[in-house]
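Now for the letters of each chain:
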Amino acid sequence: MSEQGKKSSYRGRRLLVLGVLALAAGGLAARAVDLQVLDKDFLQGQGDARFLRVVEEPAHRGMITDRFGEPLAISTPVDSVWANPQVLILERDSWTRLARALGIKRAELERLLVARQHKEFVYLKRRVNPDMARRVTALEIPGVALAPEYRRFYPAGEVTAHVVGFTDVDDAGQEGMELALDQRLRGVPGAKRVIKDRLGRIVESVERVREPQPGEDIALSIDRRLQYLAYRELKAAVRRNRADAGSAVILDVHTGEVLAMVNQPAYNPNNRGRLKRSHLRNRAVTDVFEPGSTIKPFTVAAALESGRFNAHTPVDTRPGTLRVGRKTIRDFRNYGLIDVSTVIQKSSNVGASKLALALAPEQLWQAYASVGLGESTGSGFPGESGGLLTDFGGWRDIQRATVSYGYGMSVTTLQLARAYAALASDGRPLPVSFTRRSAEQAAELASLYQPVLSESSLRAVRRMMERVVAQGGTGTRAAVPGYRIAGKTGTVKKSGAGGYVEDSYIAVFAGIAPASDPRLVMVVMIDEPRGEQYYGGAVAAPVFGKVMAGALRLLDIPPDDLQTMPGQRLALLHGAPAGGAH
Ligand code: 59J
């Protein structure tokens, strides 16, 4: 090819390239005009409609069950309705329809939106039922969407309310074990990247940023069957005696586990509309009272431990009063010359005082403190009170005397139950547990305690306490056919600002079953019975009797008193099933 020919072909190629480029540029420009001007609305809509967001995925809160896995608190998935106020505020036309679907007033909806109009999120209604969720979605209102959440449900309702407690609207524990175990129950929320549409609805889940970690399921120590029995009988007794309030606690003697704990008045945790604060209180752990005569077994145990008394040592309670300094201690009536065992059976204040005055203040104090009086039970229950046991340094004669029959000290129902559990075993007050505890764990804890009261003293006191429930005792109505019961009644005048109040009492019964080989302890406390009867023996002991009868049967605890099993004696002796044909 010539030099000339080369040149012209080069020019031609350049023109060609330029032409192609110009065409391409023109095409791009045209496309740009097309996109920027002609299709603008369409594309902008698309861009706004789909956006990537990271949303929190709630974690499933662990289940609370009773000791056998029966559910007491469960979380079920539900929807909450929320809105993007910036979007919904512009959809004024749809507010009436939306408010109606949500079952709220339009004015209230408006208030919610206006208050948060510059925000991108507001809950319109939490935890709606599936029906409402469907109706709201069907309205297809821009800026309104559903968010998955969990709702807490309490299958046993009022029966376990005070023990289980409840969570708030954000699923955080507020009371009871829901609060105490919150960290373990709550889990860790997850996160996921999602695409949401113009209405705020999730159209596509892109990826899990973080898997939600469900909370732990936790078994309480409670036995739902015993819990129900205690609930039913306490409620009936509080009503029957027109009392202000009441508490009952059942402990496992060997492990320190709470098998049942109930209070009146109670509440339904599934429907906490307008509740009085006082109904929420788990009185058995938060409220203290003077234990009165229910403390006498520990006074007697201290006396036995001194080596100077036994069950048959005479105690002169004549004439039914005892002067200590300027005060007079009184018995219900003059019991005369009795023995130590009868001091318990008849509940003599004078007798208990005489024993206490024969001991050094420290000896007496040691006996009470060694069973956990004056200290927290170690249950970890929120708001627990440790009661009051003052230092023996300040115990002059009158303090020593009054403390011996349960005044000038205070206890919670749970604390008294723990002290009785120590009395029922080897004198070691295991810390109380609301969650399951194995025999091995219990043994390990027991090894941390040095008992003050010997097993022989405790056994002797339990023997005396059997006479309380036998004929001639103050607590016969606590008896359970077929079983030996050791217990103690108490009728306590309530103290007010100006001293002890007439006609204002607390009725108590604390007992142990079966007495031959203790397994259960139960304390029943009834606050201000206003019926004809107000004695511990008349008001609290029957609750013990009924509940314990059921509990012993439910737990398959063998009867230890065939004498009082009418009609079953022969059947048992012959190994036939109880209640079988004769
Ligand atoms: C009692 C008290 C108040 C405080 C007395 C109860 C004292 C006392 C000052 C009179 C009712 C009553 C420190 S009685 O629990 O002794 O349970 O079946 O409240 O004594 O000195 O009208 N219990 N109760 N005492 N105070 N201070 C008996 C006894 C007890 C019974 C009956 C009848 C009191 C046998 C109580 C019961 O064992």
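Residues numbered from 1 in each chain as written. Predicted model: local features only at pLDDT ≥ 70, side-chain atom pairs only at ≥ 80, totals over all residues. Heavy atoms only, no water.

A. A look at the environment of Lys 493. With respect to the helices, strands and loops of the structure, Lys 493 is situated in strand β15 (residues 486-496). In this structure, the C-alpha to C-alpha distance between Lys 493 and Ile 506, residues 13 residues apart in sequence, is 6.5 Å. Apart from residues lying up to four places away in sequence, Lys 493 is in contact with Glu 290, Tyr 407, Tyr 500, Val 501, Glu 502, Ser 504 and Tyr 505. Reaching out from Lys 493, the side chain makes a polar contact with the side chain of Glu 502 at a distance of 3.2 Å. (Helix = DSSP H or I, 4+ residues; strand = E, 2+ residues; numbered from the N terminus. Contact = heavy atoms within 4.5 Å. Polar contact = N/O pair within 3.5 Å; in protein donor to acceptor, adjacent residues only side chain to side chain.)

B. Layout of the sheet that holds β15. The five strands are arranged β10-β9-β17-β16-β15 in an open sheet whose pairing can be described as antiparallel. The open sheet has two free edges, formed respectively by β10 (258-264) and β15, since each of these has just one partner strand. Recorded for the sheet is a direction-independent mean angle of 10° between the axes of neighbouring strands. Pairing of strand β9 (residues 245-252) with β10 involves six bridges; the strand directions are antiparallel. Among the inter-strand pairings, Ser 247 is bridged to a residue of β10, identified as Asn 263. With respect to the sheet, helix α10 (residues 224-240) is in contact with β9, β10 and β17 (520-527), its orientation differing from that of β10 by roughly 25°. (Pairing = 2+ DSSP bridges. Axes fitted to C-alpha atoms, helices over the stretch in contact; angles between N-to-C directions.)

C. Looking closely at the packing of aromatic side chains. Scanning all chains against the criterion turns up 14 aromatic pairs. Clustering of aromatic rings is evident, with ring pairs tying together Phe 332, Tyr 505, Tyr 534 and Tyr 535. Positioned above the aromatic ring of Tyr 123, the side-chain terminus of Arg 126 is 3.9 Å from the ring centre. Sitting over the ring of Phe 166, Arg 272 keeps its end group 3.8 Å from the ring centre. (Phe/Tyr/Trp six-rings, centres within 6.5 Å; stacked < 30°, edge-to-face > 60°. Lys NZ or Arg CZ within 6 Å of the ring centre and 35° of its normal.)

D. Summary view of the nonpolar core. In terms of nonpolar packing, the biggest core is built from 127 residues, with Tyr 368 and Met 548 touching the most fellow members. In terms of residue count, the dominant contributor to this core is helix α18 (residues 413-424) (nine residues). Each of domain 1 (54-219) and domain 2 (224-266 + 280-572) contributes no fewer than three residues to this core. For Tyr 368, the residues in contact, after removing those within four places along its chain, are Ile 295, Phe 298, Thr 299, Leu 373, Leu 389, Trp 395, Val 403, Ser 404 and Met 409. In this structure, Ala 99, Ala 101, Leu 109 and Leu 112 belong to the second largest nonpolar core, which totals 20 residues. (Core = buried A, V, L, I, M, F, W, Y, C linked by side-chain atoms within 4.5 Å. Buried < 20%, exposed > 50% of the residue type's maximum accessible area, 1.4 Å probe, protein only. Domains from an automatic or database assignment.)

E. Geometry of the site of the ligand. The environment of the ligand is made up of 20 residues, and the closest members are Ser 293, Ser 347, Tyr 405, Tyr 407 and Thr 491. Separating an oxygen atom of the ligand from a side-chain N or O atom of Ser 293 is a distance of 2.5 Å. Lys 493 is positioned such that a nitrogen or oxygen atom in its backbone is 2.9 Å from an oxygen atom of the ligand. A total of 750 Å² of accessible area belongs to the ligand in isolation, and the protein chains cover 82% of it. The set of elements that each furnish at least two residues to the shell around the ligand consists of β15, β16 (499-513) and α21 (536-539). Element by element, the count of residues in the shell around the ligand is highest for β15, at five residues. (Near = heavy atom within 4 Å. Areas by Shrake-Rupley, 256 points an atom, 1.4 Å probe, with all protein chains shown as cover.)

F. Fine view of the pattern of salt bridges. A complete count under the given rule lists 34 salt bridges for this structure. A salt bridge links Arg 186 to Asp 182; the shortest N-O distance between them is 2.7 Å. Linking Arg 186 with Asp 182, this pair stays in helix α9 (residues 182-186), spanning four residues, or about one helical turn. Arg 186 gets classed as partly exposed once you look at its relative accessible area, which sits at 36%. Asp 182 gets classed as buried once you look at its relative accessible area, which sits at 8%. Among the salt bridges present, the one from Arg 530 reaches Glu 528, with a minimum N-O distance of 3.3 Å. Owing to a relative accessible area of 43%, Arg 530 belongs among the partly exposed residues under this scheme. (Salt bridge = Lys/Arg side-chain N within 4 Å of Asp/Glu carboxyl O.)

None of the figures reported here should be taken as evidence of function without further support.
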